[in-house]
Every structure is written in structure tokens, then in C-alpha cells.
Amino acid sequence: MTRVTDVWTLVVLCLLMLIGGFLRFSVGSSYLASLDSVVLMTVYVISGPWAAIIAAGVAYLPQLRRRLPWERRAFNVAQRVLATAAGGIAYTLANGPVGDGALDHEFRAIAATMAATVALHIANAALVCLVIWIDGKASPVDFFRQVVVPTFLPMAGYGFLGLLLAVVWLGGLGPVAGLLVLVPLLFARWALSQYEVEKNAQAATLRAFIQVIETKDLYTRGHSERVSEGVGMLGRQLRLSPDRQAALENAGLLHDVGKVGVPTRIIRKPGKLDDTEMDAIRLHPARGVELIGNIPFLEEVKSAVLHHHEKYDGTGYPAGLSGTNIPYFARIIGIVDAFDSLTSTRSYRPARTIDETLAILVKDKLSHFDPALVDAFVDVIQREGWKAPVAEQPAPDTSVQMAVDHDDLSLGSGGGASGNAAGPL
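Residues numbered from 1 in each chain as written. Predicted model: local features only at pLDDT ≥ 70, side-chain atom pairs only at ≥ 80, totals over all residues. Heavy atoms only, no water.

Looking at the packing of helix α9 (residues 242–254) against helix α14 (residues 328–342)
The contact between α9 and α14 brings their axes to 10 Å, and the two run at 50°. Considering the angle they form, α9 stands oblique to α14. Crossing of α9 over α14 shows right-handed handedness. Together, R244, A247, L248, A251 and G252 of α9 and F329, I332 and I333 of α14 make up the contact between the two elements. (Axes fitted to C-alpha atoms, helices over the stretch in contact; angles between N-to-C directions. Helix = DSSP H or I, 4+ residues; strand = E, 2+ residues; numbered from the N terminus. Parallel < 35°, antiparallel > 145°, perpendicular 65-115°, else oblique. Left-handed = near helix turned anticlockwise from the far one by under 90°. Contact = heavy atoms within 4.5 Å.)

What to know about unusual backbone geometry
Put simply, Y317 and P318 share a cis peptide bond, and its omega is 10°. Of note in the backbone geometry, N95 takes a positive phi value of approximately 60° without being a glycine. Relative to the helices and strands, N95 resides in the loop between α4 (70–93) and α5 (106–135). Taking relative accessible area as the criterion, N95 reaches 45% and is therefore assigned partly exposed. With a phi angle near 60°, R239 is a residue other than glycine that sits in the positive phi range. In this structure, R239 sits in the loop between α8 (223–237) and α9. (Buried < 20%, exposed > 50% of the residue type's maximum accessible area, 1.4 Å probe, protein only.)

Here's the deal with the pattern of salt bridges
Here the idea is simple: oppositely charged side chains can pair when their charged atoms come close. Under the definition given, this model contains seven salt bridges. Among the salt bridges present, the one from K365 reaches D375, with a minimum N-O distance of 3.0 Å. Here K365, found in the loop between α15 (354–363) and α16 (371–384), pairs with D375, found in helix α16; they are 10 residues apart in sequence, far enough to count as distant. Owing to a relative accessible area of 24%, K365 belongs among the partly exposed residues under this scheme. Assessed through its relative accessible area of 35%, D375 is described here as partly exposed. The residue E384 makes a salt bridge to R383 at a minimum N-O spacing of 3.3 Å. (Salt bridge = Lys/Arg side-chain N within 4 Å of Asp/Glu carboxyl O.)

Dropping the structure here:
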């Protein structure tokens, strides 16, 4: 690796690294990223990989004020140094030019910067995934899907701002070039932060829908969130892509949104529903599609919301679809919807146990549920477990003798009902 030759240049570059480190933004649910990697590309080109390692260490100094356990501080320092070294090795192996020579070898500089950027982010992601795996409190796969995948290309692209800064610097402006690149850095931070802002706005929209539904019935409070969590577990078991996973979880959250148009007296009724009441319940999938129909980012979840009460044997509603003609997401939601309904307390019965409910799902494969998806769901629940509802609910009314009400899926011989939303005969 090229040695550091100009101390004052390195000092200025370290200051730029500090500025880049302060330009932090949120990605995922609990992770932060910064734009100091942009400045690292500049340091590679102007002063070489060794200078980049020094600058990376200096840029960490402000974080020493944070009250963290010593092992976390040690890991953070090591992560920065090792990731920077990985980028430096890639830059050197790509024969990246350093100093004034970079202006005479533009294509080499571009190729080496690309290699360094990719190596830096891969090394950084690998180290974070390693510590997440060791800690065991979060999933490395979730981190990779929620943080690394959506930000990799933008961060790699913004890394070329560092090359631009180096070219302007070496072209004669020197440290003044740092002021010129500050505006693009600020814009880059804003653009990247909008990803999380948009996700939060979408989540707030979904939560507003769900809150309206769940004020109607104390017994079903939290049902939509649990279904979303359950379909998320099954989606990860099925190795869906990040976009598919997000769409599936949104569909699970919104599957009952159409119940906002169902009279509260029907939703809360513990006894058998008459024909008119059953018709009102059966309309909730179509009403749900009407409600979300004009929200662009929910376009792809409509079919799941509309058909989540179809049955594998074709006896469900609203269209009587059967087998694989039922949309994939709707088949997934139907399983988790039934599972959560049966493991939750109702006004007329206590919750069933998890093992009992899984047995019912297995018994009703082919008649009600996609058998392959039931097997996958049983596997994931047995492996990861399930957190039963903990909301305070009134005790069931033992004077009401029912097997399944309008909020439970019909489970044939297992559930004792003949209609998805109709209640027992």
C-alpha cells in the first residue's frame, strides 16, 4: 500500500471524514449509516490506502463520547479499520493510481474506485452480520434484506462522489474542493434518508387503517399485527425476495381492513349470525380492496386481501377459487389468519393451544389450505415458536355454546363450521 506523504493533506481529509460521519441517516428499523465512505474514496485516490485507514480511525473519535460497553467500542473501531483496509486492498489490486498520477489514468481510477467501494461495503456488511449472529438478538438475514440490499447500490453510487472530489482536489483547487463536494454530500444524505421517511409514512398509513378496525372489538385487538408477523415468518421460510416479503407483510396487516365497513354490532355478536349478517361479513374482502384501491404502494396486495377467505377445495368466497388458482399471498394469509384466530380468546371460548391448532391445520390440508404451505408454516412455528396474544380481554361467556364464530375460518371437521364467516350450523 502507498505510504502517507503529506501530513497536512491528511489532516484536511480527516476533517472531511468527520463531516461525513456526522451526516448520518436511518436505514431499516434500528440501524444507522453515514456518508464517511464517500470521503474514504477521496483519501484512497489522493493519499492512498494507508491514509484512508488513519482517517477512518480518526473519524471514529467523536463516537467515544457515547456510553457503550468496551467490547462494542472495540468492535466498531475494528469494523471501520478492517472494512477500510478491505477497500484499500481492492484499490491496490485494481492498480488504482494515487496522487497527481490519478489525473493521467482516469479509467484506472474509476475501475479501482468501483472495486474499493464494493469491497468496503461487502466487508462492512459481513462484519455487521457476524456480530448480529454472535449476539443472537436479531437476524443477520433481516439485516441483509432490510439494510444492505436497499442501500448497497445507492451507497456504491455515491462513493463516486469521492472520486469526483479527488479529481477536483488534484486539479488545482486543493482543500477548497471539500467545500464544493459538501453540497452533494448533503443532498446524498437527504436522498438516502427519504427511503426511511417513505417507509415510516407507509407504516403510519397502514396503522391508521388497523386502529380503526380494532376499536370495534376488544377480542380481536392485535390480530392484524400478529397475522402480519406470522406471514412474515412464513415468507422468510419460503425465502421470498425483500420486495415480495414487504408486500406479503402489508397484505397480512390489511387483510381485514374491509371490516371497517361492517356494523360493530355484527363484529361483536358472540352468537350465530343470520343470513343478512353473514352477507355483511362476506363483503369485507371486497370492501377492503375498495379502501386500499387508490393507494399506489398497496396495489400489489389487493388480490391477497380480496381472496384470503378462499378455500383450497373451492368452497370459499368471494369467487370460489380453488387450488393454485387462489393467489399465493391469499393462501398464505388464510393459514395464518386461521391459526391466530384459533389461538386467541373469543367471547364464547378460550384460546386453543398452539399444538392443537397446528393439528387442526394439518387435518384440513387440501380441503381448506395449501398442503405445502401448511407444512412450511408448521415447521416454522415449531422451530421459532409463537407469542400468544397478551392483551387484557374479558373472560369467555361459558353460556354461549359455539365452535367457531364469524371471525374464525371454517375448519371443517376440526372447527365444526361450514362457512368461512358464517358461524356454526
